[in-house]
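A closer look at the structure
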4 protein chains.
Amino acid sequence: MLSYQPDFSDLSYTFGGRSPVMSVKPGTAVSLYTEDCFGGRVRDVTDLPSVVCEFPYLNPVTGPFHIEGAEPGDTLAVHFVSITPARDWAVSSTFPHFGALTSTHTTATLQPPLDEVVWRYDVDADAGIVRYHARRGDFSVEMPLDPMHGTAGVAPAAFETRMTIVPDVHGGNLDTPELRAGVTAYFGVNVPGALFALGDGHCRQGDGEVCGTGIEAAMNTVVIFDVVKGVFTPTPRFETDDALMSAGSARPLEDAYRMSQHDLVTWTAALTGLDQLDAYQLVSQAGTAPVGNVCDPNYTMLAKLAKKYLGTATAYEGTHARLRNFGS
Amino acid sequence: MLSYQPDFSDLSYTFGGRSPVMSVKPGTAVSLYTEDCFGGRVRDVTDLPSVVCEFPYLNPVTGPFHIEGAEPGDTLAVHFVSITPARDWAVSSTFPHFGALTSTHTTATLQPPLDEVVWRYDVDADAGIVRYHARRGDFSVEMPLDPMHGTAGVAPAAFETRMTIVPDVHGGNLDTPELRAGVTAYFGVNVPGALFALGDGHCRQGDGEVCGTGIEAAMNTVVIFDVVKGVFTPTPRFETDDALMSAGSARPLEDAYRMSQHDLVTWTAALTGLDQLDAYQLVSQAGTAPVGNVCDPNYTMLAKLAKKYLGTATAYEGTHARLRNFGS
Amino acid sequence: MLSYQPDFSDLSYTFGGRSPVMSVKPGTAVSLYTEDCFGGRVRDVTDLPSVVCEFPYLNPVTGPFHIEGAEPGDTLAVHFVSITPARDWAVSSTFPHFGALTSTHTTATLQPPLDEVVWRYDVDADAGIVRYHARRGDFSVEMPLDPMHGTAGVAPAAFETRMTIVPDVHGGNLDTPELRAGVTAYFGVNVPGALFALGDGHCRQGDGEVCGTGIEAAMNTVVIFDVVKGVFTPTPRFETDDALMSAGSARPLEDAYRMSQHDLVTWTAALTGLDQLDAYQLVSQAGTAPVGNVCDPNYTMLAKLAKKYLGTATAYEGTHARLRNFGS
Amino acid sequence: MLSYQPDFSDLSYTFGGRSPVMSVKPGTAVSLYTEDCFGGRVRDVTDLPSVVCEFPYLNPVTGPFHIEGAEPGDTLAVHFVSITPARDWAVSSTFPHFGALTSTHTTATLQPPLDEVVWRYDVDADAGIVRYHARRGDFSVEMPLDPMHGTAGVAPAAFETRMTIVPDVHGGNLDTPELRAGVTAYFGVNVPGALFALGDGHCRQGDGEVCGTGIEAAMNTVVIFDVVKGVFTPTPRFETDDALMSAGSARPLEDAYRMSQHDLVTWTAALTGLDQLDAYQLVSQAGTAPVGNVCDPNYTMLAKLAKKYLGTATAYEGTHARLRNFGS
């Protein structure tokens, strides 16, 4: 297993536009560290992001990693073996113009902004819990730890370089709680080596990340890379032991829904040989639609279908099962 | 327990604009029958809705019921004791211009329409399963039965009468799988007697009802009504033994999300005494966002929070617990 | 010419759900009075709408008028001969949760609301000007008078009754500056007599009515009604001496655009015999897209094409030319 | 006056990520050539874009130009002296999944795609007309020539590189007919030298570019550059002799409207000293909202206010007047 621990100056703020930090052979596990979305600078409730962070040095990612043999038109498979909070605390915050229940620079209003407030959570990785503390009053409550990465993806197509805060067909800031350990994520490869990067760990997040941040944490994460040659993936997909998922990232939110459901329907038809409308009907009754983010430059929704509804169909030539066994 | 079995000619196609079919005292259980969204006219795969159904005689509801003592400004509580498919079959269909993965009269395109196709499901209420059959090919698969009502609500405010296909703050065609047995639904009362009506049973549906219909079925349903005096409910809310939910119905879909999350945040603050931003943070990390419909004239999303995160707070003076015990 | 002057108690707050105030033969001109959107209760800058007005008694309309011989499936033509401000003042206001640059009950945020502020304009109908006065400071400027009606329509289909604040395929609160004198408006007839009503005069308004109100004024207006038998109009259309227009009302705003452009493209194809894609291309290069409202429950956009691009085609059998001559 | 004629291999397909082709002093006029959005490869109705063009080599721009002295935080002013079609023909087309009246990869549907069709226009620059020819049938009609650039902008902030098809706060593919000769465009500078590029000439376009393309043409264009030091422009703005305009690019379309109106309101307040709500009211009644595109990855709308409503206020220290005189 390879290991990669970035210095602060090694962190990246874009997908694309950066040289790889390491070259990795397919089938290799890598243990890596990711900093939190604030670059580790918000450590207490008095550390306001607008004061201690500097645009555009937000939402750093670790990488990019060059995966050997990955070429445009292939699919990069990334199996998440483990995601573990690196500290015994984590933070969350509101922002003046970011989040779902505030005006933003696009949903622009003339109202006064929301207050910028920071919450600090206690993290007990062994017990598998995080503890919330109200800022005004002494209310406190435990929630289950459910570690995930908000940001994961590859270099975009068409010579683009995108801020890490943006989710799109290359991945990026999908901010979905479905990207947890045990998942294999698939990304279409746009440039030689794919240039995968990872960051934005959350101890957990609610659906939609409504205030604009999860419970933000540095993470120690183990992934295994693989390359599926000659098969392109049009938008990020996830696979678990039990389910397939397609991600859609767009605005308005119904387009994120349409993209994700459309990909799941056509993928289901391709896997099973079902007619497209038959697959549409099956997904309509058996599918779910986990909400990713409703706060980022594109919103993200997933379309999810239990494998038990797919008969004997196998995705990506059994890549998930292979990586999962490798990882265990 | 009262019983109500409508004739076909008793069915209603609007919320508001109709005289009540029955007057009911609070605390009374009513056993009633609801026809399916096609008025029972689609019985086989050859019964195309566009041929056998006639606009606007679609999505019939049973009622309205006048609840004694319900006055504008109060809240009507409706506890769903049981929802049971009335037949051993159910149907679903695509439509030429209805559903999430097709153009519609508002998302208007110049493309050819989708085919109109009907699927007929086998329903085994005792075994708790429904069986899907592909139309082209012999693929077939079982899914768990999870009966629900797509349409439930009261007469709208401001002298309005709305088609039953529309979801809004009066309820209506919310089309959420969360409206199943065991739930208490709360609606703000706009007119004397509230004028509650119910229909559009689904044996189950996927999140978003992506093709435009669930597994549509006539239902035998038992509800108990109650009135919470002097408390208005701004948008439909649901309560189970374990969770609170707020519904938002709007377009674009992010506004359905915003409405539902905003109501859940302010409701949480009111129930717990938490500061509004503290409640925002709590919901941001602990809340979920079940998707209702992404196909109706308004889209519907729910915001849901487990009661365990609310300390000792009790909603609507314990109405759910009281009705639940009554119902069991 | 008939004349109709409503008492305050005669005003209506819905389309549909009301008995006609008068029956009118096609080809008849009617002189009528409309109250402003505040019911005339906001007369000075100290009259805050939230204090002097009472929901749902907002945006009153005059009517409905029963047009003899109009049957479902026909088209009602309404030619606007003249629209004249009835007073030498008019008012406008912001609202706490209404308008494009504020959160609303659907675009819900947790921010403090905008201030509620009233502006009073001087109206000089003879000189054709209105005068704006800033509330804070002594800035003042004249603008051209351009009188229009924000609200005009017929009873909806499908047994619906809608608040006058809603624009949809029945017309209603379109809030477009294109509805000025000289225009013939066409509405599909849904109920016997059509039940046309009119209100919400503006001395002028900017595109989108961004703050939520125009320069609101009572109006003395002359219209001529006609009925085009056996031709249905799917969404409101306007005709002037020089142009044809289709209105689309929906959310999100791109759907209002799509609806209006789709109707103009298919209408152009029908009028000219052009292939649908040829009409699409013609409208794409020669058409304009006047913005109606971006603040009401549905947003409204128009698609507009100069008649000079249509060859010799004539709409609605020359109804506009006939009514225009009648009116002059 | 400098002159720049790119070879085909000099064309660029991104904003950002490219070295400058030329360095220009402020106050310098540059005569340059831009290729059409198809790279000149669609020359007749049989040249289908999907066959003769290759993704991502679409929508080429000329440049980027390094403007001396332009630093992050400054504003680049670009005055358009003249825009002249370079050929006596131009082309337009539909695409399978691009345009407002078709499904796209985000507004994804399961319907068959639109046909891909090309139209070729005759261009008579001296007479100031373009001629449309229907593809099926012999209908033909003249329209006024109104040359404009669909794509103009600077390198983005935050290390981003964006495809030229994307409009955003850096400019890009705004696709507004308001970007014609006589206009001064203002862009916030994000990188040293600003790195301005220009392309996508249209002989004219309708509002919204509903089919996805204007009347696409190579152009000979003269611009004059200037730099306004120490003043940043948050989103592209335009100035003519008579009006000020702010551009907003976002999805859904109401957010493009909100962005543009918000910028115009706050700019108006800053220029005149008016209170922000007074400026809101003034723009609400006197402003217009020209529609740019409703087909690109972000939609674009403008907010426009006649200067006559602004008293004696002058924008950007009189830059427009100065460049306009220079250019004439």
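Worth saying up front: this structure is predicted, and the values here are computed from it rather than measured.

What counts, and at which threshold
Residues numbered from 1 in each chain as written. Chains lettered and ligands numbered in written order. Predicted model: local features only at pLDDT ≥ 70, side-chain atom pairs only at ≥ 80, totals over all residues. Heavy atoms only, no water. Least-squares fit on C-alpha atoms with pLDDT ≥ 70 in both. Contact = heavy atoms within 4.5 Å. Salt bridge = Lys/Arg side-chain N within 4 Å of Asp/Glu carboxyl O. Polar contact = N/O pair within 3.5 Å; in protein donor to acceptor, adjacent residues only side chain to side chain. Helix = DSSP H or I, 4+ residues; strand = E, 2+ residues; numbered from the N terminus. Nonpolar A, V, L, I, M, F, W, Y, C, P; charged D, E, K, R; others polar. Buried < 20%, exposed > 50% of the residue type's maximum accessible area, 1.4 Å probe, protein only. Buried area = accessible area lost by both parts, 1.4 Å probe.

Right, let's get into the relation of the copies chain A and chain B. It takes a turn of 180° to lay chain A on chain B, together with a shift of 0.0 Å along the axis; the resulting RMSD is 0.0 Å. In short, the pair behaves as if placed about a two-fold rotation axis. Among all C-alpha atoms of chain A, that of A:Leu253 lies closest to the rotation axis, at 2.6 Å.

Moving on, we get to the interface of chain D and chain C. The partner chain C presents 62 residues to the 63 residues of chain D that form the contact. Summed over the shared surface of chain D and chain C, the result is two salt bridges. In this structure, C:Arg136 and D:Asp275 form a salt bridge, with 3.1 Å as the shortest nitrogen-oxygen distance. One can count 42 residue pairs in polar contact (both at pLDDT 80 or more) joining chain D with chain C. Taken together, the elements giving at least two residues each to the side of chain D that touches chain C come down to strand 7 (89-93), strand 8 (118-124), strand 10 (140-144), helix 2 (253-272), helix 3 (276-286) and strand 20 (299-306) of chain D. Here the side of chain D that touches chain C gets ten residues from one element, more than from any other, and that element is helix 3 of chain D. The residue inventory of the side of chain D that touches chain C, partitioned by class, reads 33 nonpolar, 18 polar and twelve charged.

A few words on the side chain of B:His79. Residue and element names in this part refer to chain B. One can find His79 in strand 6 (residues 75-85). Classification of His79 by relative accessible area gives buried; the value is 3%. With residues up to four places along the chain from it excluded, the contact list for His79 reads Gly182, Val183, Thr184, Val222, Val223, Ile224, His320, Leu323 and Arg324.

This brings us to the interface of chain A and chain B. Tallying the contact residues gives 63 residues for chain A and 63 residues for chain B. A combined buried area of about 5000 Å² lies between chain A and chain B, and 61% of that area is made up of carbon and sulfur atoms. Counting the contacts that link chain A with chain B gives two salt bridges. Run the count over chain A and chain B and you get 42 residue pairs in polar contact (both at pLDDT 80 or more). Elements with a contribution of two residues or more to the side of chain A that touches chain B: strand 7 (89-93), strand 8 (118-124), strand 10 (140-144), helix 2 (253-272), helix 3 (276-286) and strand 20 (299-306) of chain A. For the side of chain A that touches chain B, the class distribution of residues is 33 nonpolar, 18 polar and twelve charged.

Further remarks concern the environment of B:Ile165. Residue and element names in this part refer to chain B. The residue Ile165 is located in the loop between strand 12 (162-163) and strand 13 (167-168) in this model. Residue class for Ile165 comes out partly exposed when judged on its relative accessible area of 26%. In this structure, the C-alpha to C-alpha distance between Ile165 and Thr151, residues 14 residues apart in sequence, is 7.9 Å.

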